[in-house]
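For reference, the chains in residue letters:
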Amino acid sequence: MKKIQMVDLQSQYAKIKDIVDPSIQEVMDSATFINGPKVHEFQKNLEDYLGVKHVIPCANGTDALQIAMMGLGLKPGDEVITADFTFAATVEVIALLQLTPVLVDVDPVTFNIDVEAIKKAITPKTKAIVPVHLFGLPANMDAIMDLAKEHNLFVIEDNAQGIGAEYTHRDGSKTKTGAIGHAASTSFFPSKNLGCYGDGGAIFTNDDDLAHTIRGIVNHGMYERYHHDVVGVNSRLDSIQAAVLNAKLPHLDTYNAARRRTARKYNEAFKNHKNIIIPTGLTTCEGICDTCDCHVFHQYTLNLVDVDRDALVAHLQEKNIPCGVYYPIPLHRQKAYKDERYNEADFKVTNALVTSVISLPMHTELDDEQITFITDTVLNFINL
Ligand SMILES: *Cc1c(COP(=O)(O)O)cnc(C)c1O
């Protein structure tokens, strides 16, 4: 059996080497390393793929979030509501811009930001909501957009884990995540669903004015050469990364389908087990739409019930099966983001999830033998 990895980028690269290598070579031959044609080509291709008017490439997903907030004109003291259960980048940029992070609890089934908790957290100072499509499952966007409209708030989707996912609106219509809010951010970190071979990111928006503002911000606040109208940053996607992304974008749907296929096999093995809660997103669709694109499984995360998680992690490691705990500490309890404003009783779900979740290997190259070995090993331990 091939060695099991959390993410297997080598095997994936081997299959697309013939497309990726010449694309990178072109950049080198033309020496168009910054803002070359590959970047524009990728931008257009991604706009078409997502059905969004503007994609503004930048250096990484964290910058993308920061730049989106700068572009929306958020000011120190403005309150920004986001999920307590996510990667720290989301809250980090809020704090960095001297905005006030307002962390709220998540839903126990979807692990995504809890709309009722957002409602409770809205004050006259609230200016924006940042839902994260955690692990690849779209957040409850219709309800969030309704709330935003009612209270005149911006919505910035953190789509770093959700690229390619489709959100189904109440009326049954579908929109790709990242094309719903006022702005969205994504990351092309190598292990993300659409990853490059270094760092990369992008901001999305359907708003022409905001797109214009942001195009200046990413380039030192310049709208005309050497005229600096606003305080900007230097945040670029380099052409070599764009070349990789251009070669990989046509495979994104196939990649996400491979992730869903693996998730389906995992679900099949773990469903109806009293100690395991399988992720939602596929289960709700099973039998209804087998090709449903709602969850793109950036991570496949189980919620354990009465299982010694540390012992399971050790057992898996012993069998050379890597696994991860995303995320082990709620953001509201992190040293950098602790605040007297927070009340433990408001974070019941996150406080529980950090002790019970475990993420299994999830990538585009897992084969049946590996998947069966993983599910058997987990079940053998839990059924002991
Ligand atoms: C990866 C990630 C980011 C940050 O992306 P980088 O490109 O690593 O800066 C932000 N938010 C979430 C939810 C992520 O998973």
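Residues numbered from 1 in each chain as written. Predicted model: local features only at pLDDT ≥ 70, side-chain atom pairs only at ≥ 80, totals over all residues. Heavy atoms only, no water.

Named according to an unreviewed UniProt entry, the protein is DegT/DnrJ/EryC1/StrS family aminotransferase originating from Winogradskyella rapida. UniProt, in the comment section headed Sequence similarities (unreviewed entry), describes the protein in these words: "Belongs to the DegT/DnrJ/EryC1 family." (UniProt positions renumbered as here; feature names shortened; annotations may be inferred.)

Caption draft 1: Structural detail: the overall build of the protein. When helices and strands are tallied, the protein shows 12 helices and 14 strands. Relative to the globule expectation of 21 Å for 384 residues, the C-alpha radius of gyration of the protein, 21 Å, shows essentially globular dimensions. The principal-axis extent of the C-alpha atoms belonging to the protein is close to 70 × 55 × 40 Å. Per-residue burial over the protein gives 56% buried out of 384 residues. The contacts of the protein with a sequence gap of at least 6 include a subset with a gap of at least 24, amounting to 73%. Of the roughly 16,800 Å² of accessible surface on the protein, 52% is carried by carbon and sulfur atoms. (Helix = DSSP H or I, 4+ residues; strand = E, 2+ residues; numbered from the N terminus. Rg over C-alpha atoms; globule rule 2.2 N^0.38 Å. Buried < 20%, exposed > 50% of the residue type's maximum accessible area, 1.4 Å probe, protein only. Contact = heavy atoms within 4.5 Å. Areas by Shrake-Rupley, 256 points an atom, 1.4 Å probe, with all protein chains shown as cover.)

Caption draft 2: Layout of the nonpolar core. In this structure, Ile81, Phe85, Val104, Ile118 and Ile144 are the most contacted members of the largest nonpolar core, which totals 32 residues. Looking at this core, the elements that each hand over two or more residues are β2 (79-83), β3 (100-104), α5 (115-121), α6 (141-151) and α11 (348-356). Considering each element in turn, this core owes the most residues, 5 residues, to α6. Both domains that furnish three or more residues to this core are identified here as domain 1 (9-250) and domain 2 (252-382). Excluding its chain neighbours within four sequence positions, the residues that come into contact with valine 104 are Ile81, Thr82, Ala83, Asp84, Ile113, Ala117, Ile118, Ala121 and Phe347. (Core = buried A, V, L, I, M, F, W, Y, C linked by side-chain atoms within 4.5 Å. Domains from an automatic or database assignment.)

Caption draft 3: Geometry of the layout of surface pockets. Of the pockets and cavities examined, the largest pocket occupies roughly 500 Å³. Around the largest pocket, the lining is made up of 27 residues, and of these Phe87, Gln161, Phe189, Lys192 and His298 lie nearest the centre. Going through the elements one at a time, α3 (61-71), α4 (89-96) and β8 (183-187) are the ones with two or more residues in the lining of the largest pocket. Each residue belonging to the lining of the largest pocket can be placed in one class, and the counts come to 12 nonpolar, 12 polar and 3 charged. Looking at which domains feed residues into the lining of the largest pocket, each of domain 1 (9-250) and domain 2 (252-382) supplies at least three. (1 Å grid on protein atoms, 1.4 Å probe; cavity = no way out; pocket = protein on both sides within 12 Å on 5 of 7 lines; lining within 4 Å. Points joined across faces, edges and corners; volume = space filled by probe spheres on them. Nonpolar A, V, L, I, M, F, W, Y, C, P; charged D, E, K, R; others polar.)

Caption draft 4: Highlighting the site of the ligand. With respect to spatial proximity, 13 residues lie near the ligand, and among them Gly61, Thr62, Asp158, Ser187 and Lys192 are the closest. Within the backbone of glycine 61, one N or O atom sits 2.7 Å away from an oxygen atom of the ligand. Side-chain polar atom of threonine 62 to an oxygen atom of the ligand: 2.5 Å apart, as the coordinates give it. The cavity where the ligand resides is the largest pocket. (Near = heavy atom within 4 Å. Polar contact = N/O pair within 3.5 Å; in protein donor to acceptor, adjacent residues only side chain to side chain. Sits in = over half its atoms within 2 Å of the grid points.)

Caption draft 5: Layout of the environment of asparagine 206. Along the chain, the position of asparagine 206 falls in the loop between β9 (201-205) and α7 (208-217). Among the residues examined, asparagine 206 registers a relative accessible area of 34% and is labelled partly exposed. Apart from the residues lying within four places of it in its own chain, the contact partners of asparagine 206 are Gly51, Val52, Lys53, His54 and Ala179. In this structure the side chain of asparagine 206 is engaged in a polar contact, spanning 2.9 Å, whose partner is the backbone nitrogen of lysine 53. A polar contact of 3.2 Å, which involves the side chain of asparagine 206, links it to the backbone oxygen of alanine 179.

Caption draft 6: Seen up close, α6. Of the residues making up α6, those classed as buried are Met141, Asp142, Ala143, Ile144, Leu147 and Ala148. For α6, the elements touching its buried residues are α5, β4 (126-130), β5 (154-158) and β6 (166-168).

Caption draft 7: Representation of the pattern of salt bridges in the model. Inspection of every chain in the model, using the stated rule, returns 15 salt bridges. Salt-bridge contacts for lysine 176 lead to glutamate 166; the nearest nitrogen and oxygen are separated by 4.0 Å. Placement of the pair is lysine 176 in strand β7 (residues 174-176) and glutamate 166 in strand β6, with a sequence separation of 10 residues. Shared partners join several salt bridges into a network, and the residues in it are Arg261, Lys265 and Asp368. (Salt bridge = Lys/Arg side-chain N within 4 Å of Asp/Glu carboxyl O.)

Caption draft 8: Just the pairing of strand β1 (residues 54-58), in detail. With 5 of its 5 residues buried, β1 lies for the most part within the structure. Burial along β1 is two-sided: the residues His54, Ile56 and Cys58 and Val55 and Pro57 are all buried. Across 5 bridges, the pairing between β1 and β9 is antiparallel. Of the residues in β9, the one forming a bridge with histidine 54 is threonine 205. (Pairing = 2+ DSSP bridges.)

Caption draft 9: Structural context of the environment of lysine 319. In this structure, lysine 319 sits in the loop between α10 (309-318) and α11. Between the C-alpha atom of lysine 319 and that of isoleucine 382, which follows or precedes it by 63 residues, the distance is 15 Å. Contacts of lysine 319, omitting those with residues within four sequence positions, involve Phe373 and Thr377.

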